[in-house]
Amino acid sequence: MVVTLRSPRRLLVATLLATVLFLFFALRHRSDTTDVFGRRPGARPSSAPITFHPEDDERPPPSSADTEIDPELERQAQQARELELVVASVRAENTSWFHTYLPSWHKNIYVADDPSAAFTVPQNKGREAMVYLTYMIDRYDSLPQNILFVHASRFAWHNDDPDYDALPPLRRFRLSYLRAQGYVNLRCVWVIGCPGEIRPALDEAKREEVLKDETQKLQAKHIYKEAFMEILPEVAVPDVVAVSCCSQFGVTRDTIRSRPKADYVRYRDWLLNTPLDDALNGRVFEFAWHIIFGKEAIHCPTASECYCNVFGLCDDMACPGDDACDGRYILPPYSTLPKGWPLVGWQEEERAFAGPL
C-alpha cells in the first residue's frame with residue numbers, strides 16, 4: 001500500500017524536473033541565436049529602428065557661422081525685393097541675359113519696335129527716353145521703391161566696366177546709396193559728358209554756322225537750349241550742362257513723384273511731336289535727366305567717390321585724377337565692339353575674360 005502511494009509522486013517530480021531542464025536548455029539556445037533586441041538573425045527590422053548617438057549629448061549647438069547667410073547674397077536678395085529694372089530694347093537685341101543672371105530681379109523689358117510686345121511704347125522714337133517716360137507715366141501710381149533704367153545689350157562700349165560688361169555694375173549696385181541720393185548715374189568715368197559737355201548759349205550761337213558747313217554735323221548741343229526751354233520752361237537755362245553719359249541711371253519712387261505725372265506726359269508729347277531725329281531728341285534727355293530729378297546742371301562726382309558709393313569699389317583703387325580710376329574704363333576706339341567680344345579683342349587676340357557667358 002505504501003509503494004502504490006509513492007510511485008505517482010515520484011513520477012510527478014520526475015516530470016516537473018524534466019520540464020524545467022527542457023525550458024532551461026531551450027531558452028539558452030534562443031539567447032545564442034538572437035540579437036540584443038530579441039530578434040533572430042535575418043529577421044525583418046522594425047519600421048522604427050532604435051539608433052543610439054551617444055555623442056549627441058556632447059555635440060555643441062550650431063554656431064552662427066554655420067547658419068549665417070552670405071552678406072552679399074542677402075544684399076542682392078533684398079535689392080531684388082525693392083527694385084525693378086526697366087530695359088529699353090528693340091527686337092534685334094538679345095535680352096535673355098537678364099533672365100539668366102538676374103533671375104530674381106523684377107524686369108520690365110520694353111521692345112520699342114514691337115507693338116505686340118508685353119511692354120512697348122506709343123512710337124519708336126526718342127531711343128531709350130520714350131521707354132523710360134512710358135514706364136513713368138504708366139506706373140506713376142504703382143511705382144516700386146527703386147528703379148534702374150538701363151539699355152538692353154550686355155556688352156556695349158559705354159558700360160562702365162573693364163570688359164564693357166553691364167552685369168558686374170548691376171550686381172554691385174548699392175541700393176542704399178540710391179535711397180540716400182534719389183538719383184544715381186550708373187557711369188562714373190567722366191569721358192563723354194563731364195566736366196562740361198554742353199554750353200547751351202554758346203553752342204546755340206554756332207548752330208547756323210554748322211548748318212551752313214557741309215563738313216560739320218548738327219549735334220544735340222546745338223539745339224539743346226531751345227529744347228531745354230520747351231521741356232523745362234520753369235528752369236533757367238544753365239550756362240554749362242555736364243553729366244557722364246549715357247542714359248543709364250537709378251531713381252527712387254519719391255524722386256519721380258516729386259514732379260506731377262503731367263510733367264512726364266508733357267515730356268513724352270514733346271518727343272512724339274518734335275521734328276528732331278532720334279540722334280538729337282533722345283540725346284537732349286540724356287543730358288536732362290539729372291536736372292529733371294533734382295541734381296545740379298553740372299553733376300560730375302569724382303570717379304573715386306562714384307565707384308565707392310555706387311558700386312562698393314572702395315579699396316585698392318588708384319585714381320590719379322577726378323575723372324577716372326586706373327583699370328576701370330578705357331574709351332574704345334569704336335562704338336561697336338569687335339565680333340567675338342569679350343573673348344576676342346580688337347586685334348582678334350584672345351582675351352582672358354573671367355565673367356560668366
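Up top is the structure these notes are about.
What comes next is a walk through the structure. (Residues numbered from 1 in each chain as written. Predicted model: local features only at pLDDT ≥ 70, side-chain atom pairs only at ≥ 80, totals over all residues. Heavy atoms only, no water.)

Moving on, we come to the overall build of the protein chain. Across its full length, the protein chain carries 15 helices and seven strands. Counting only residues that meet the buried cut, the protein chain has 42% of its 357 residues in that class. Summarising the internal contacts of the protein chain: among those between residues at least 6 apart in sequence, 68% fall at separations of at least 24. Accessible area of the protein chain: about 20,800 Å², with a carbon and sulfur share of 55%. (Helix = DSSP H or I, 4+ residues; strand = E, 2+ residues; numbered from the N terminus. Buried < 20%, exposed > 50% of the residue type's maximum accessible area, 1.4 Å probe, protein only. Contact = heavy atoms within 4.5 Å. Areas by Shrake-Rupley, 256 points an atom, 1.4 Å probe, with all protein chains shown as cover.)

A few words now on the sheet that holds strand S4 (residues 183-185). Spatial ordering of the open sheet is given by S2-S1-S3-S6-S4, a layout of five strands whose pairing is mixed. The sheet terminates laterally at strand S2 (106-111) and S4, the two strands that pair on one side only. Ignoring which end each strand starts from, the neighbouring axes of this sheet average 15° apart. Two elements, strand S1 (residues 83-89) and S2, share six bridges in a ladder whose sense is parallel. The residue bridging Val87 from the neighbouring strand is Ile109, located in S2. Strand contacts of helix H5 (residues 128-138): S1, S2, strand S3 (146-151) and strand S6 (249-252), with the helix running at about 140° to S1, the strand carrying the most contacts. (Pairing = 2+ DSSP bridges. Axes fitted to C-alpha atoms, helices over the stretch in contact; angles between N-to-C directions.)

Here we come to the packing of H5 against helix H12 (residues 261-273). Close contact between H5 and H12 brings their axes to 9 Å; oriented N to C, the two are set at 150°. Here H12 runs roughly antiparallel to H5, going by the angle between their axes. For the pair H5 and H12, the crossing hand works out as left-handed. Taken together, the residues of H12 that come into contact with H5 (itself represented by Ala129, Met130, Leu133, Thr134, Met136 and Ile137) are Lys261, Tyr264, Val265, Tyr267, Arg268, Leu271 and Leu272. Partitioning the contact of H5 with H12 into residue classes produces 10 nonpolar, one polar and two charged. (Parallel < 35°, antiparallel > 145°, perpendicular 65-115°, else oblique. Left-handed = near helix turned anticlockwise from the far one by under 90°. Nonpolar A, V, L, I, M, F, W, Y, C, P; charged D, E, K, R; others polar.)

Moving on, we come to the pairing of S2. The element S2 is extensively covered by neighbouring structure, given that five of its six residues are classed as buried. With respect to chirality, the unit in which S1 leads through helix H4 (residues 96-101) into the neighbouring parallel S2 is right-handed. (Right-handed = clockwise from strand over helix to strand, strands pointing away.)

Attention now moves to the state of the cysteines. What is meant by a disulfide is a covalent connection between two cysteines, made through their sulfur atoms. By the definition in use, this model includes five disulfides. Two residues, Cys245 and Cys246, share a disulfide whose sulfurs are 2.0 Å apart. Residues Cys245 and Cys246 are joined through a disulfide that is left-handed, its torsion about the S-S bond being -50°. Residues Cys245 and Cys246 agree in their burial class; the two are buried. Paired through a disulfide, Cys308 and Cys314 show a sulfur-sulfur distance of 2.0 Å. Between Cys308 and Cys314 the sulfur-sulfur dihedral comes to about 90°; the bridge is accordingly right-handed. Taken in N- to C-terminal order, the disulfide-linked cysteines of the protein chain are connected 1-6, 2-5, 3-4, 7-8, 9-10. (Disulfide = S-S within 2.5 Å.)

Moving on: the environment of Pro169. Its location among the elements puts Pro169 in helix H6 (residues 167-172). Pro169 sits 141 residues away from Val310 along the chain, and the two C-alpha atoms are 8.8 Å apart. Once residues lying within four places of it in the same chain are set aside, the contact partners of Pro169 are Asp160, Asp161 and Phe311.

For the rest of this paragraph, the subject is the packing of aromatic side chains. Taken as a whole and assessed by the stated rule, the structure comprises 23 aromatic pairs. Residues Tyr164 and Trp341 carry aromatic rings whose centres are separated by 5.6 Å and whose planes lie at 35° to one another, so their mutual orientation is tilted. One end of the pair, Tyr164, is in the loop between S3 and H6; the other, Trp341, is in the segment after helix H15 (303-311), and 177 residues separate them in sequence. As far as burial versus exposure is concerned, Tyr164 and Trp341 are alike and both buried. Ring centres 5.8 Å apart and planes at 50° place the aromatic pair Trp341 and Trp346 in the tilted group. (Phe/Tyr/Trp six-rings, centres within 6.5 Å; stacked < 30°, edge-to-face > 60°.)

With that settled, the discussion passes to the nonpolar core. If you look at the biggest cluster of nonpolar residues, it comprises 46 residues, and the most contacted ones within it are Phe149, Ile256, Tyr264, Phe285, Trp289 and Phe293. The set of elements that each furnish at least two residues to this core consists of S1, H5, S3, helix H10 (220-231), S6, H12, helix H13 (278-286) and helix H14 (289-292). Those residues in contact with Phe149 that sit more than four places away from it in its chain are Val86, Tyr132, Tyr135, Met136, Leu186, Ser247, Gln248, Phe249, Val251 and Ile256. Core analysis: the second largest hydrophobic core is formed by 36 residues, Cys306, Tyr307, Phe311 and Tyr329 among them. (Core = buried A, V, L, I, M, F, W, Y, C linked by side-chain atoms within 4.5 Å.)

This paragraph deals with H12. Its 13 residues give H12 an end-to-end C-alpha distance of 19 Å, which sits within 8% of 18 Å, the value for a rise of 1.5 Å per residue. Along H12, the residues that are buried comprise Asp263, Tyr264, Tyr267, Arg268, Trp270 and Leu271. Summarising the axial view, the buried residues of H12 lie within an arc of 150°, below the 170-degree limit, and thus occupy one face. Across H12 from its buried face, at more than 90 degrees, point the exposed residues Ala262 and Asn273. Packing partners of the buried residues in H12 comprise H5, H10, helix H11 (253-256), H13 and H14. (Expected span 1.5 Å × (residues − 1). Arc of directions from axis to C-beta.)

Note on helix geometry: an α-helix contains 3.6 residues per turn, so any two residues three or four positions apart are oriented the same way. Counting buried positions along H5 gives 10 out of 11 residues, so the element sits mostly inside the fold. Of the positions making up H5, those classed as buried are Glu128, Ala129, Met130, Val131, Tyr132, Leu133, Thr134, Tyr135, Met136 and Ile137.

Read these as spatial facts, not as claims about activity.
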